[in-house]
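Survey of secondary and tertiary structure
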Amino acid sequence: MGIENGSAEYFMTKLAEAKNHFERALDCKHTEFDDLYPYMIEHPQFFWYKRYVAWSELLTIVKLCTELSMEWEQQFSAQQVEYIKKRVMSSKVLDFWFETNDSKEHVS
């Protein structure tokens with residue numbers, strides 16, 4: 001299935017936004033989700049749920065890109081591509097998404 005250049009740019013923008021959203025959720029930084037459910041901050045399960053929502057969004061955009069035969073892998077490291085292809089948000093994904101845990105700054 002072919003896709004117009006404008007549509008490809010749109011999906012690549014959405015993919016970058018979904019990646020950023022997931023990475024901000026991993027780093028416990030503010031996301032759009034915090035604005036939607038401000039009362040959740042008081043609950044310990046909030047950060048797990050926030051990460052799950054961001055992961056689901058990322059997988060959905062990747063699935064759409066794949067179905068449209070769009071190259072999405074170049075926006076991720078090889079290890080991140082493997083995590084995405086496995087589709088399961090495991091503790092390994094949470095711990096090693098950035099590939100090192102000593103990185104001071106993950107997301108701008």
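Okay, so let's go over this structure. (Residues numbered from 1 in each chain as written. Predicted model: local features only at pLDDT ≥ 70, side-chain atom pairs only at ≥ 80, totals over all residues. Heavy atoms only, no water.)

A separate point is the pattern of salt bridges. Here the structure, examined in full by the defined rule, presents one salt bridge. Residue Lys-14 pairs with Glu-17 through a salt bridge whose shortest N-O separation is 3.2 Å. Of the two residues, Lys-14 and Glu-17 both sit in helix α1 (residues 5-26), three residues apart, roughly one turn of that helix. Since its relative accessible area comes to 29%, Lys-14 is described here as partly exposed. (Salt bridge = Lys/Arg side-chain N within 4 Å of Asp/Glu carboxyl O. Helix = DSSP H or I, 4+ residues; strand = E, 2+ residues; numbered from the N terminus. Buried < 20%, exposed > 50% of the residue type's maximum accessible area, 1.4 Å probe, protein only.)

Bringing the packing of aromatic side chains into the picture now. Enumeration according to the criterion identifies 11 aromatic pairs in this entry. On the basis of an interplanar angle of 75° and a centroid distance of 5.8 Å, the ring pair of Trp-72 and Phe-76 is categorised as edge-to-face. Between Lys-19 and the ring centre of Phe-76, over which it is positioned, the NZ or CZ distance is 5.1 Å. (Phe/Tyr/Trp six-rings, centres within 6.5 Å; stacked < 30°, edge-to-face > 60°. Lys NZ or Arg CZ within 6 Å of the ring centre and 35° of its normal.)

Ranked by internal contacts, the top residues of the largest apolar core, which has 25 residues, are Trp-55, Leu-58, Ile-84 and Trp-97. Considering each element in turn, this core owes the most residues, eight residues, to α1. Here Trp-55 is in contact with Phe-22, Tyr-83, Ile-84, Arg-87, Val-88, Met-89, Val-93 and Trp-97, once residues within four sequence places are set aside. (Core = buried A, V, L, I, M, F, W, Y, C linked by side-chain atoms within 4.5 Å. Contact = heavy atoms within 4.5 Å.)

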